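These are the residues of each chain, in order.
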Amino acid sequence: MIINFLNWIDRKLRFTARHKDFLYRKIPENIGYSYCFGGMAFIFYLILVLSGLMLTIYYVPSDTEAYKSVVMISEQNFISRIIRNTHKISASLFIIAIILHSLRVFIFRAYLPPRDLNWMTGVMAMLLAFASGFTGYLLPWDQKAYWATEVGTNIFKSIPFIGDHIVITIRGGDNVSGITLIRFYSAHVLFLPISISILLWAHFHMVKRLGISKKL
Ligand code: HEM
């Protein structure tokens, strides 16, 4: 029944028909499971976006309410607990899949021209994925989150000349505070996902145009 429903949507949107050349084209021979890591990373990304959207319904990004709202999400309701755990687990799996995907690309030298820009958009998306993990870690607003962010942001102080300014800009003050929480929240739910989506669009556009590289 679900398949019939999806087929019906597909016929209406003409998705498969429009992308026929891409979806049904021949891929190089002898490629193995290591070529699936990019697709797996994308699936985890979609799960993250969906579960994250649902978490925003109950999460409150304020220094007085954030912790309480996360406790409520985790303890009051079975479904919200599953959604939070799904978000946390898929975040780790997303990072693992990205690292395995990059290793595959590196080992098979798929970063060489003409796929050099694909490599660059991938690296940028990976850095933003790390930033998403870092900003998301503060959101539960418990002791662990607070001190991890205090220590993590302190690292930027070691940048010569501008380090102190960077830390103050990231934190919104001298210390991690409610202002930092709002900055991290807006980066985590808006700026980073939008930027990652744009980079992935470019990434996939190039995969579509150039095809998958042959195994060495
Ligand atoms: C951020 C998440 C990322 C997602 C969702 C993603 C997804 C994908 C997918 C689905 C493909 C086509 C299938 C495949 O080769 O696995 C691909 C290809 C590629 N990706 Fe990524 N990628 C990501 C990050 C990266 C990173 C971090 C790098 C480099 C460090 C990278 C470099 C490449 C290159 C060079 C190709 C072309 C590979 C070839 O033609 O053999 N990607 N990516």
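What comes next is a walk through the structure. (Residues numbered from 1 in each chain as written. Predicted model: local features only at pLDDT ≥ 70, side-chain atom pairs only at ≥ 80, totals over all residues. Heavy atoms only, no water.)

**So, the overall build of the protein**
Convention followed: Helix and strand labels come from DSSP, where a helix needs a run of H or I of at least four residues and a strand needs a run of E of at least two; each type is numbered from the N terminus. Any residue under 20% of the maximum accessible area for its type is buried, any over 50% is exposed, and the rest in between are partly exposed; the area is computed with a 1.4 Å probe on protein chains only. What makes two residues a contact is simply this: any of their non-hydrogen atoms within 4.5 Å. Counting rule applied: Lys, Arg positive; Asp, Glu negative; His and chain ends not counted. Where a charge lies is defined by one atom per residue type, namely NZ (Lys), CZ (Arg), CG (Asp) and CD (Glu).
Helix and strand counts for the protein stand at 10 helices and 0 strands. Secondary structure elements of the protein, listed N to C terminal, follow the sequence α-α-α-α-α-α-α-α-α-α. With the principal axes as the frame, the protein shows a C-alpha extent of 55 × 50 × 25 Å. Here the protein holds 216 residues, and 32% of them are scored as buried. Taking the intrachain contacts of the protein between residues at least 6 apart in sequence as the baseline, contacts between residues at least 24 apart amount to 68%. Mean positive and mean negative side-chain charge positions of the protein (22 and 11 charges, respectively) differ by 14 Å.

**Observations regarding the pattern of salt bridges**
Put simply, the rule reads: Here a salt bridge means any side-chain nitrogen of Lys or Arg lying within 4 Å of a carboxyl oxygen belonging to Asp or Glu.
Tallying each qualifying case throughout the model produces 2 salt bridges. With a shortest N-O distance of 3.5 Å, E65 and K68 are connected by a salt bridge. Using a relative accessible area of 32% as the deciding quantity, one classes E65 as partly exposed. Among the ionic pairs, E150 bridges to R171, the shortest N-O distance being 3.6 Å. Here R171 lies in helix 9 (residues 163-171) and E150 lies in helix 8 (residues 143-154), a separation of 21 residues in the sequence. The class of E150 is buried, set by a relative accessible area of 12%. A relative accessible area of 1% places R171 in the buried class.

**Brief notes about the coordination of the iron atom of the ligand**
The textbook angles at a metal center are 109.5 degrees for a tetrahedron of four donors and 90 or 180 degrees for an octahedron of six. Here is the rule we go by: Here a donor is an N, O or S atom found within 2.8 Å of the metal, or within 3.2 Å if the metal is Na, K or Ca; sites may look incomplete because water is not among the atoms.
For the iron atom of the ligand, the full set of protein donor atoms is H101 (NE2) and H203 (NE2), and the range of their distances to it is 2.0 Å. For H203, a relative accessible area of 14% gives the class buried.

**Side note on the site of the ligand**
Under the convention used in this document: Here, proximity means that at least one heavy atom of the residue falls within 4 Å of the molecule or strand. Pairs of N or O atoms within 3.5 Å make up the polar contacts considered here, provided that, within protein, one atom can donate a hydrogen while the other can accept it, and that residues adjacent in sequence are counted only when both atoms are side-chain atoms.
Around the ligand lies a shell of 25 residues, among which H101, R104, R115, H203 and S213 are the nearest. Separating an oxygen atom of the ligand from a backbone N or O atom of Y35 is a distance of 3.1 Å. Among the secondary structure elements, those contributing two or more residues to the shell around the ligand are helix 4 (37-55), helix 6 (78-107), helix 7 (116-138) and helix 10 (178-210). Here the shell around the ligand takes 6 residues from helix 7, the largest share from any one element.

**Brief notes about the packing of aromatic side chains**
How two aromatic rings sit relative to each other is given by the distance of their centres and the angle of their planes. For clarity, the cut-off: Two rings belonging to Phe, Tyr or Trp (six-membered ring only in the last case) form a pair when the distance between their centres is within 6.5 Å. Interplanar angles under 30 degrees mark stacking, angles over 60 mark edge-to-face geometry, and anything in between is tilted. Whether a charge lies above a ring is judged from NZ of Lys or CZ of Arg, which has to be within 6 Å of the ring centre and within 35 degrees of the ring normal.
This structure, assessed with the given rule, holds 10 aromatic pairs. In this structure an aromatic cluster arises from ring pairing among F106, Y111 and W119. Here the basic side chain of R104 rests over the ring of Y35, its NZ or CZ set 3.9 Å away from the ring centre.

**Details of the side chain of T135**
Summarising the element assignment, T135 is placed in helix 7. In this structure T135 comes out as buried when scored by relative accessible area, which is 7%. If sequence neighbours within four positions are ignored, T135 has contacts with F184, A187, H188 and L192.

**A word on unusual backbone geometry**
Look at the link from P113 to P114: it is a cis peptide, with omega at 10 degrees. Looking at the secondary structure, you find P114 in the loop between helix 6 and helix 7. Phi angles above zero are rare outside glycine, and W141 is one such case at about 55 degrees. Locating W141 in the fold gives a position in the loop between helix 7 and helix 8.

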